[in-house]
Amino acid sequence: MKEHMKYLWITCLSALINGCGSSQDPPVAEIGPHQITAGSLRDFVAEWPGSLPSQKTGDDARRHYLQIMIDARLLLMEARALGLDTTQAARSTIQGAVDNRVSALYRAREITAKIEIREDEIRAYFDAEGYGLERKVSGILVEGQAAVDTVLAQLRAGRSFAAVATAHSQDARSARQSGELGFIGRDMAPRIHIPPEVFRSLPLGEISEPLYTGKYWNIVRFSEERPVSYDKYRDAIKKLLFDERSARAKKEHFELLRDAFEVRLHEDALEQLVAA
């Protein structure tokens, strides 16, 4: 059933990107000789899978969905120019419009295939970002400025970190273990609301500034360090660098395609669509 629904969705996406709205529909965007009409944009949004909702609302959401349609059309046009949609595998699932496999093939050949992550880049990131150490951390988690002030006053007055954590930390594990949370690596630090720069640079034994977590404040201290093997993080860092470079390359590539195929937005039609 899922595969059947996926095929129906791809077919619908293909038809909508082609612009199957009424000839009376005002165009909201033009990509070379192709138009995306207000009607096709409305249909596209209506047919968008509920499992993949946009986090945007209102006009921002409409522009988000329009951008998806523009990018899909650009991929199709460039893929056709390169002859990538002439294969039997692609033709079987494309009905005159963009297909997921064409998009993936195009990205693999024209964008991501050109990205190379060298070993020295991985090593440099490992060293610069502090992946070479695991640090033993203790923390005190409190809510509200008054509690932060109380904790800082007691620590500055000489009361031990362990005693203050036991008395005031609102994290059960921290309070139970006198603040100690064990060894963490660079990858784990953000998950417990320790910024990378704090993980890398806070000297052993020193108390951090209060770190805001969205509701609570976290005050941490590192007491020990131990080295970590490069091999432990090598693959994860390579993927991280690849993903970052891939996202940047895709953005730059789409900008080039938009220029090449003369993408034009019709702001007046968009405003009418928003007001409708």
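Residues numbered from 1 in each chain as written. Predicted model: local features only at pLDDT ≥ 70, side-chain atom pairs only at ≥ 80, totals over all residues. Heavy atoms only, no water.

1. Comments concerning the confidence of the model for the protein chain
Low pLDDT means the predicted coordinates in that region are not meant to be read closely. Definition in use: Scored between 0 and 100, pLDDT is the confidence that the predictor attaches to each residue. Throughout, a contact is declared for two residues whenever any of their heavy atoms are within 4.5 Å.
Per-chain confidence: the protein chain averages 77 in pLDDT, with 68% of residues scoring 70 or above. Considering only residues more than four positions removed or in separate chains, one finds that residues 1–22, a stretch of pLDDT under 50, has 34 contacts. Predicted confidence for residues 88–99 stays below pLDDT 50, and this span has 29 contacts to residues more than four positions away or in other chains.

2. Let's talk about the sheet that holds strand β3 (residues 133–142)
Sheets are built from strands that pair by backbone hydrogen bonding, the pairs being arranged parallel or antiparallel. For the record, the criterion: A pair of strands is labelled paired if DSSP reports no fewer than 2 bridges between them. Counting from the N terminus, the helices are DSSP H or I runs at least four residues long and the strands are E runs at least two residues long.
Pairing within the open sheet is antiparallel, and its 4 strands lie in the order β4-β3-β6-β5. Two strands lie at the open edges of the sheet, namely β4 (180–184) and β5 (211–212), each paired on one side alone. Taken together, the 4 bridges between β3 and β4 define a ladder with antiparallel strand orientation. Bridging across to β4, lysine 136 finds its partner in phenylalanine 183.

3. A few points about the packing of aromatic side chains
Aromatic rings considered in pairs are described by the distance between their centres and by the relative angle of their planes. Counted only if it meets this: When the centres of two rings from Phe, Tyr and Trp lie within 6.5 Å, Trp using its six-membered ring, the rings pair. Their planes under 30 degrees apart give stacked, over 60 give edge-to-face, and anything left gives tilted. Here's how the labels work: a residue is buried when its accessible area is under 20% of the maximum for its type, exposed when over 50%, partly exposed in between, all with a 1.4 Å probe on protein chains only. Geometrically, a charge over a ring is one whose NZ (Lys) or CZ (Arg) sits within 6 Å of the ring centre while staying within 35 degrees of the ring normal.
With the rule as written, the count across this model stands at 5 aromatic pairs. With 6.1 Å between their ring centres and 35° between their planes, tyrosine 125 and tyrosine 131 make a pair best called tilted. Take tyrosine 125: its relative accessible area is 18%, and that puts it in the buried class. Here tyrosine 131 falls in the buried class, since its relative accessible area comes to 6%. An angle of 90° between the planes, with centres 5.9 Å apart, marks the rings of phenylalanine 199 and phenylalanine 222 as edge-to-face. Of this pair, phenylalanine 199 sits in helix α10 (residues 196–201) while phenylalanine 222 sits in strand β6 (residues 217–227), placing them 23 residues apart in sequence. Accessibility classification places phenylalanine 199 together with phenylalanine 222 in one group, the buried group. One aromatic cluster is present, formed by Tyr125, Tyr131 and Tyr233 through successive ring pairs. The ring of tyrosine 230 carries the charged tip of arginine 123 above its face, separated from the ring centre by 3.8 Å.

4. Considering the packing of helix α7 (residues 145–156) against helix α8 (residues 161–168)
What counts is decided by this rule: Helix axes are fitted only over the stretch in contact, all axes being lines through C-alpha atoms; the angle between N-to-C directions runs from 0 to 180 degrees. When an angle is under 35 degrees it counts as roughly parallel; over 145 it counts as roughly antiparallel; between 65 and 115 it counts as roughly perpendicular; any other value is oblique. Crossings are classed by handedness, with left-handed meaning an anticlockwise turn of the near helix from the far one by less than a right angle and right-handed meaning a clockwise turn. Amino acids outside the nonpolar list (Ala, Val, Leu, Ile, Met, Phe, Trp, Tyr, Cys, Pro) and the charged list (Asp, Glu, Lys, Arg) are all regarded as polar, and Gly is one of them.
Packing of α7 against α8 brings their axes to within 10 Å, and their N-to-C directions diverge by 155°. With respect to each other, α7 and α8 are oriented roughly antiparallel. With respect to the hand of their crossing, α7 and α8 are arranged in right-handed fashion. Counting all contacts with α7, which are made through Thr150, Val151, Gln154 and Leu155, the residues of α8 involved are Phe161, Val164 and His168. In the contact of α7 with α8, the residues fall into 4 nonpolar, 3 polar and no charged.

5. With respect to α7
Heads up, the condition is: Here, expected helix span is obtained from the residue count minus one, scaled by 1.5 Å. Summarising the geometry, the arc corresponds to the directions from the helix axis toward the C-beta atoms.
Taking 1.5 Å per residue, 12 residues should reach 16 Å; α7 reaches 16 Å between its end C-alpha atoms and fits that length. Among the residues making up α7, those that are buried are Val148, Val151, Leu152 and Leu155. Down the axis, α7 shows its buried residues gathered within 95° of arc, on one side only. For α7, the secondary structure elements touched by its buried residues are β3, α8 and β6. Two residues or fewer after α7 comes glycine 158, characterised by a positive phi angle close to 105°.

6. A look at the nonpolar core
Just so we agree on the cut-off: By nonpolar core we mean a set of buried residues, namely Ala, Val, Leu, Ile, Met, Phe, Trp, Tyr and Cys, connected to one another through side-chain atoms within 4.5 Å.
Core analysis: the biggest nonpolar cluster contains 14 residues, and Val28, Ile31, Ile36, Leu41, Leu66 and Ile70 have the highest contact counts within it. Counting residues per element, this core draws most heavily on helix α3 (residues 58–81), at 7 residues. With sequence-adjacent residues up to four places away left out, isoleucine 36 is seen in contact with Pro27, Val28, Ala29, Ile31, Leu66, Met69 and Ile70.

7. Observations concerning the environment of tyrosine 125
Tracing the chain through its elements places tyrosine 125 in helix α6 (residues 119–128). C-alpha of tyrosine 125 to C-alpha of leucine 241: the two residues are 116 residues apart in sequence and 8.8 Å apart in space. Not counting the four nearest positions on each side in its chain, tyrosine 125 is found in contact with Tyr131, Arg186, Ile237, Leu240 and Leu241.

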